[in-house]
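Residue strings, one per chain:
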Amino acid sequence: MIQPTLANIRAAAEPATADYGGRQAHVACDRFSFFYGDNQAVRNVTLDFPSFQVTAIIGPSGCGKSTLLRSINRMNDLIPGGRTGGRLVFDGQDVYGPRLDVVTLRRRIGMVFQKPNPFPKSIFNNVAYGRRLHDGPDKGRLQEIVEASLQRAGLWDEVKDRLDDNALSLSGGQQQRLCIARALAVDPEVLLMDEPTSALDPRATARIEDLIAELRGRYTIIIVTHNMQQAARVSDLTAFLYEGDLIEYGATAQMFTQPRQKRTEDYMTGRFG
């Protein structure tokens, strides 16, 4: 397990001191960069994501938020011309090292995307899909896993009598919670959320935010959001990126009330972005 490297973070961006609550970092970036061809979308970012806390990544469009998030479980591997620099570490192992098993990595680091993307299958088979791939067709065990995952995603009471229905018949907010249940079913340690409420109405957004609060302490959660009020509501720590650079990082309450960097204050007060 990687120890927090606050000294490195301060050197990289002069951020606010983050309160880790004595917890170690689950995921750590050490001067990490990501390139799309010649375009450096993420620039030498040094940043730790402590275990079992919620970290929000904020910043204007095109600042590298989603690129950084997707680098953590190597979702950027399929992009032609994509390459990395520096190190990105998960539980002490280099995510881009030659010995890393990407399938295992993605089981341990789940992801929820901007738009709900359920499979055109039944609700049950959506949640069971990943466990079937990894563990085989143990139907009795799958029943337990599906129920537990839907319970954790706050969806069980709404769908327990319709598990054979097509998942596409659910509302948008229900579909997103189903995708969260599908991610949780494979027992990840880290949950990545890429603007998970941007396609939802306010009521469904509130349900997802309540769910994040319920999952806090069980999982290491990293959420990209354009909504600064959402970041303030759901996260313990906040990282502000601008044009690929980490500008400031610290405890969310401190970042939103007393930012140390003028660019952070300007962004949060709507002067740009």
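(A) Just the nonpolar core, in detail. Judged by nonpolar contacts, the single largest core of 44 residues is most densely connected at Leu150 and Ile180. Counting 29 residues, the second-largest nonpolar core is a separate cluster that includes Val27, Leu68, Met111 and Val190.

(B) Here's a closer look at helix H2 (residues 65-72). H2 sits mainly inside the fold: six of its eight residues count as buried. Taken as a whole, H2 has its buried residues at Lys65, Thr67, Leu68, Leu69, Ser71 and Ile72. Phi for Arg74, located one or two positions after H2, is positive at around 60°.

(C) Focus on the packing of aromatic side chains. For the structure shown, the criterion picks out four aromatic pairs. With a centroid separation of 5.1 Å and an interplanar angle of 65°, the aromatic rings of Phe34 and Tyr36 are classed as edge-to-face. Since its relative accessible area comes to 2%, Phe34 is described here as buried. Tyr36 gets classed as partly exposed once you look at its relative accessible area, which sits at 28%. Sitting over the ring of Phe35, Arg83 keeps its end group 4.1 Å from the ring centre.

(D) Up close: the pattern of salt bridges. The full count for this structure, using the stated rule, is 14 salt bridges. Between Glu158 and Arg207 there is a salt bridge, and its shortest N-O distance comes to 3.0 Å. On the criterion of sequence distance, the pair formed by Glu158 in helix H6 (residues 156-159) and Arg207 in helix H8 (residues 202-215) is long-range, its members being 49 residues apart. With a relative accessible area of 38%, Arg207 lands in the partly exposed category. Between Arg162 and Asp165 there is a salt bridge, with its nearest N and O atoms 3.2 Å apart. Using a relative accessible area of 24% as the deciding quantity, one classes Arg162 as partly exposed. Connected through salt bridges with shared partners, the residues Asp91, Arg108 and Glu189 form a single ionic network.

(E) Geometry of the side chain of Glu248. Of note, Glu248 is situated in strand E10 (residues 245-251). Buried Glu248, no salt bridge; nearest opposite-charge side chain is Arg260, N-O distance 5.5 Å. In terms of polar contacts, Glu248 uses its side chain to reach the backbone amide nitrogen of Arg260, at 2.7 Å.

(F) Highlighting the sheet that holds strand E3 (residues 54-58). An order of E6-E7-E8-E3-E9-E10 is seen for the six strands of this open sheet, with the pairing classed as mixed. Pairing within the sheet leaves two strands with one partner each, and these edge strands are strand E6 (109-112) and E10. Going from strand to strand, the sheet's axes swing by 15° on average, the running direction of each strand aside. Pairing geometry for strand E7 (residues 190-194) and strand E8 (residues 220-224), over five bridges, is parallel.

(G) Structural context of unusual backbone geometry. Residue Phe52 is not a glycine yet carries a positive backbone phi of 65°. Within the secondary structure, Phe52 is located in the loop between strand E2 (39-50) and E3. One non-glycine residue with positive phi stands out, namely Glu243, at about 50°. By the element assignment, Glu243 lies in the loop between strand E9 (237-242) and E10. Judged by its relative accessible area of 52%, Glu243 is exposed.

About the cut-offs
The residue numbering used here restarts from 1 in each chain and proceeds along that chain's sequence as written. Confidence filtering applies because this is a predicted model: local features only for residues at pLDDT of at least 70, side-chain atom pairs given and counted only at 80 or more, and all residues used for totals across whole chains, interfaces and linings. The side-chain quantities take in all heavy atoms of the structure and omit both hydrogens and water. For this analysis, a nonpolar core means a set of buried residues of the types Ala, Val, Leu, Ile, Met, Phe, Trp, Tyr and Cys, connected via side-chain atoms within 4.5 Å. Each residue gets one of three labels from its accessible area relative to the maximum for its type: buried under 20%, exposed over 50%, partly exposed in between, using a 1.4 Å probe on protein chains only. Put simply, DSSP marks the helices as runs of H or I at least four residues long and the strands as runs of E at least two long, and each gets a number from the N terminus on. Two aromatic rings, drawn from Phe, Tyr or Trp (for Trp, its six-membered ring), form a pair once their centres lie within 6.5 Å of each other, and the interplanar angle then sorts them: stacked below 30 degrees, edge-to-face above 60, tilted otherwise. We count a charge as sitting over a ring when the NZ of a lysine or the CZ of an arginine lies within 6 Å of the ring centre and within 35 degrees of the ring normal. Salt bridges are counted wherever a side-chain nitrogen of Lys or Arg sits within 4 Å of a carboxyl oxygen of Asp or Glu. For the purpose of charge, His is not counted, nor are the chain termini; Lys and Arg are scored as positive and Asp and Glu as negative. Two N or O atoms count as a polar contact when they lie within 3.5 Å, although within protein this holds only if one can serve as hydrogen donor and the other as acceptor, and sequence-adjacent residues are included solely when both atoms are side-chain atoms. Here, any two strands with at least 2 DSSP bridges between them count as paired. Axis lines are fitted to C-alpha atoms, over the contacting stretch for helices. Their N-to-C directions set the angle, which ranges from 0 to 180 degrees.

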